[in-house]
Amino acid sequence: MQSLAPSRETNPRLVLAIVSIGVLLSSLDLFIVNVAMPAMADDFGAGLTELSWVLNLYAIVFAALLVPAGRLGDRGGNRATFLTGLAIFVIGSALCSAAWNVESLIAFRVVQAVGCALLTPSSLALVLAATPPQRRAGAVRLWVAFGGLGAALGPVLGGVLVDIDWRWVFLVNVPIGLAAFVIGVRKLPCPPAAGGPLPDLLGAGALIGAVGSLILAVVQGPDWGWTSTGVLAAFGVAIVLAVVFAVSSARHHSPIVDPALRRVPNFVLAGANSLVFQIAFAGMLLSVTLWAQNVWGWSALRTGLAIAPGPLVVPFVAIVAGKLIARIGAGPVIAAGGLAFGGGLLWWARAASLSPDYVGGLLGGMLLTGLGVGLTLPTAFAVGAGTLPPQRFATGSGVLSMARQLGLALGVALLVALLGTPGTPAATLDAFQRAWYVTAAIAVIAGLIGFAVRSPAATPTESPGRAPEATEKSGGTAVSA
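This one's a predicted model, so the numbers in the text were calculated from it and none came from an experiment. (Residues numbered from 1 in each chain as written. Predicted model: local features only at pLDDT ≥ 70, side-chain atom pairs only at ≥ 80, totals over all residues. Heavy atoms only, no water.)

Peer 1: Give me the overall build of the protein: which residues, what numbers.
Peer 2: When its secondary structure is counted, the protein shows 16 helices and two strands. Whereas a compact globule of 481 residues would reach a radius of gyration of roughly 23 Å, the protein reaches 21 Å, a difference of no more than 12%. For the protein, the spread of C-alpha atoms along the principal axes amounts to about 60 × 50 × 45 Å. Evaluated residue by residue, the protein yields a buried proportion of 55% over its 481 residues. Of all intrachain contacts in the protein linking residues separated by at least 6 positions in sequence, the fraction that spans at least 24 positions is 83%. Approximately 18900 Å² of the protein is accessible, and the part contributed by carbon and sulfur atoms is 68%. The centroid of the 25 positive side-chain charges in the protein is displaced by 15 Å from the centroid of its 17 negative side-chain charges. (Helix = DSSP H or I, 4+ residues; strand = E, 2+ residues; numbered from the N terminus. Rg over C-alpha atoms; globule rule 2.2 N^0.38 Å. Buried < 20%, exposed > 50% of the residue type's maximum accessible area, 1.4 Å probe, protein only. Contact = heavy atoms within 4.5 Å. Areas by Shrake-Rupley, 256 points an atom, 1.4 Å probe, with all protein chains shown as cover. Lys, Arg positive; Asp, Glu negative; His and termini not counted. Charge placed at Lys NZ, Arg CZ, Asp CG, Glu CD.)

In structure tokens, the structure reads:
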């Protein structure tokens, strides 16, 4: 099978294009499945509470496996890990399309989540390994922007596919994923693996259990009750396992999360910013969806089209952000993104009315939140991942991605708690306004955290244990990340 050997020459743009297909599919899947939930409920004769596990268990497994999957990629090879994850994701998608009841669909969604957890950190690791240090910042921003594109296309494409058959929501992943797999086998590079002894298996198991239990408690809190036995037990298990993870990591010669990652410039700040900003992002996206469908009575397709302008702004802003970073630094750009995002939510809080008014009441806020996402997420991820040591590309990416997933879960739970169950139209408007004010404040806090980020260009020359400076050439201008 010599023809299937990876190309010896590494083309960073081709690598970015191939892995971004996998990232786009996984991001698309997060948003497209939500649209199909009512159709699934009708087909299976199941309640939305039972079907919620189609989303919840996926989120739990995905978030819990991200860091161990990243460590696996760094140790054994990110090319093999990415291709394995992509193959598992495609198989899971095909199985989901053939599900015969709710239980089988939930089980096959777990298969999808495993594949997604494997491909996500290894995909960014491949991009970082294939891209020269001076161009990594721009490559990371584009990698993140593809996730924003998935958020834009998900509701729209989901609405179209559900009108045909909800099973196409999953089936559409198969041909695209297979094409990416075949091209990846031929063209993706084989960066050297870190190798070494087996990592801390006890710590890995404890981390998976801690994150999974925490996400379980967060996503089920609104349904089970925050003081229910199940939720309190899940929080308790998460705390105990987190302690086990910390102790095991401190004693093991090869911990899952290398303590040296804390010393990588901007890594901790980028993770904190991603966690807090994703709380606001999740609250924003769910709130505008509920507002358009439940308050204005719009269809899923119309809602998706209404939401699309915001996420569609993200890739363009992410590209332009490079020049802005060169002028004022990464920290101010992230802070500006938090302010813009918060401004979009305040727009809705002040302009939204119970009577449908897209241009005056929704569009302006949608564009502002898209501007905020484009300035914040790609920049924070670039400064957090762009200076990772090569032997920890995937592990560091997994930690940052886990922070994002935890933020999403917290954001949904917070919004549900803020909205409550208003009984009148006036109370509904008050509840959404309250939620938008709180979410705007969280976005501003995320911006303040990001303001402390230092641009790598301000970092002294490269020294042992530190990655090179991350600057990129764009139109002859040095653009720091």
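Peer 1: Describe in detail the state of the cysteines, supporting the description with residues and values.
Peer 2: Taken as a whole, this structure holds zero disulfides when the rule is applied. With no disulfide of its own, Cys 96 has Cys 116 as its nearest cysteine by sulfur position, at a separation of 12 Å. Relative accessible area serves as the criterion here: at 1%, Cys 116 is assigned to the buried category. (Disulfide = S-S within 2.5 Å.)

Peer 1: So what's going on with the packing of helix α10 (residues 267-295) against helix α13 (residues 330-351)? Which residues, and what values?
Peer 2: In the contact formed by α10 and α13, the axes pass within 12 Å of each other and the chain directions differ by 25°. Of the possible angle classes, the one that applies to α10 and α13 is roughly parallel. Crossing geometry of α10 relative to α13 is assigned as left-handed. Of the residues in α13, those in contact with Asn 273, Phe 277, Ala 280, Phe 281, Met 284 and Val 288 of α10 are Ile 334, Gly 338, Phe 341, Leu 345 and Trp 348. By residue class, the composition of the contact of α10 with α13 is nine nonpolar, two polar and no charged. (Axes fitted to C-alpha atoms, helices over the stretch in contact; angles between N-to-C directions. Parallel < 35°, antiparallel > 145°, perpendicular 65-115°, else oblique. Left-handed = near helix turned anticlockwise from the far one by under 90°. Nonpolar A, V, L, I, M, F, W, Y, C, P; charged D, E, K, R; others polar.)

Peer 1: How would you sum up the confidence of the model for the protein? Please name residues and give values.
Peer 2: Mean pLDDT for the protein: 82, with 90% of residues reaching 70 or above. Low pLDDT, under 50, characterises residues 457-481; the predicted model gives this stretch 65 contacts beyond four residues in sequence or across chains. (pLDDT = per-residue confidence, 0-100.)

Peer 1: Just give me the short version of the environment of Ala 39, but keep the residues and values in it.
Peer 2: Position of Ala 39 relative to the elements: it lies in helix α1 (residues 12-44). Through-space distance from the C-alpha of Ala 39 to that of Val 162 is 7.2 Å; in sequence the pair is 123 residues apart. Beyond its immediate chain neighbours, meaning those up to four positions away, Ala 39 contacts Val 162 and Trp 166.

Peer 1: Lay out the side chain of Ser 123 with the relevant residues and their values.
Peer 2: Note that Ser 123 resides in helix α4 (residues 102-130). A relative accessible area of 0% places Ser 123 in the buried class. When sequence neighbours within four positions are dropped, the list of residues in contact with Ser 123 reads Val 19, Val 23, Phe 82 and Trp 143.

Peer 1: Tell me what's going on with the pattern of salt bridges, and back it up with residues and numbers.
Peer 2: Enumeration over the complete set of coordinates arrives at one salt bridge. Among the ionic pairs, Arg 167 bridges to Asp 43, the shortest N-O distance being 3.6 Å. With Arg 167 in the loop between α5 (136-164) and α6 (168-171) and Asp 43 in helix α1, this pair connects stretches of sequence that are 124 residues apart. For Arg 167, a relative accessible area of 21% gives the class partly exposed. Residue classification places Asp 43 among the partly exposed residues on the basis of a relative accessible area of 42%. (Salt bridge = Lys/Arg side-chain N within 4 Å of Asp/Glu carboxyl O.)

Peer 1: Explain the nonpolar core to me, and be specific about the residues and the numbers.
Peer 2: Judged by nonpolar contacts, the single largest core of 110 residues is most densely connected at Trp 143, Met 284 and Phe 341. Ranked by the residues each element gives to this core, the list is headed by α10, at 12 residues. Trp 143 has contacts with Leu 16, Val 19, Val 23, Thr 120, Ser 123, Leu 124, Val 127, Phe 381, Ser 401 and Arg 404, leaving out every residue within four places of it along the chain. Membership of the second largest hydrophobic core comes to 21 residues, among which are Leu 105, Leu 161, Phe 170 and Val 172. (Core = buried A, V, L, I, M, F, W, Y, C linked by side-chain atoms within 4.5 Å.)

Peer 1: Tell me about the side chain of Ser 249, residues and numbers included.
Peer 2: By the secondary structure assignment, Ser 249 is in helix α9 (residues 229-251). Discounting chain neighbours no more than four positions away, the residues touching Ser 249 are Asp 200 and Pro 255.

Peer 1: An account of the packing of aromatic side chains is requested, with residue identities and associated values reported.
Peer 2: According to the stated counting rule, one finds 15 aromatic pairs in the structure shown. Plain terms: the ring middles of Trp 298 and Tyr 358 are 6.2 Å apart, the flat faces sit at 50° to each other, and that makes the pair tilted. Taken together, the residues Trp 298 in the loop between α10 and α11 (300-307) and Tyr 358 in helix α14 (residues 358-385) connect sequence positions 60 residues apart. Look at Trp 298 and you get buried, because its relative accessible area is 9%. Look at Tyr 358 and you get partly exposed, because its relative accessible area is 22%. (Phe/Tyr/Trp six-rings, centres within 6.5 Å; stacked < 30°, edge-to-face > 60°.)

Peer 1: Which residues make up the layout of surface pockets, and what values go with them?
Peer 2: Quantified by volume, the largest pocket comes out at close to 1600 Å³. Elements that contribute at least two residues to the lining of the largest pocket include exactly α1, α2 (48-76), α8 (201-224), α10, α11, α15 (393-419) and α16 (425-451). For the lining of the largest pocket, the element with the highest residue contribution is α10, accounting for nine residues. Residues of the lining of the largest pocket, tallied by class, amount to 32 nonpolar, 12 polar and two charged. Volume-wise, the second largest pocket comes out at about 610 Å³. If you trace the second largest pocket, you find 23 residues lining it, with Phe 245, Val 257, Phe 267, Val 399 and Met 402 closest to the centre. Mapped onto the lining of the second largest pocket, the elements with two or more residues apiece are α8, α9, α10 and α15. Here the lining of the second largest pocket takes five residues from α10, the largest share from any one element. (1 Å grid on protein atoms, 1.4 Å probe; cavity = no way out; pocket = protein on both sides within 12 Å on 5 of 7 lines; lining within 4 Å. Points joined across faces, edges and corners; volume = space filled by probe spheres on them.)

Peer 1: Account for the environment of Leu 324, naming residues and giving values.
Peer 2: Within the secondary structure, Leu 324 is located in helix α12 (residues 309-328). Assessed through its relative accessible area of 33%, Leu 324 is described here as partly exposed. Considered as a pair, Leu 324 and Gly 154 are 170 residues apart in the sequence and their alpha carbons are 29 Å apart. In this view, Leu 324 contacts Gly 329, Val 333 and Leu 375; residues no more than four positions away in its chain are not counted.

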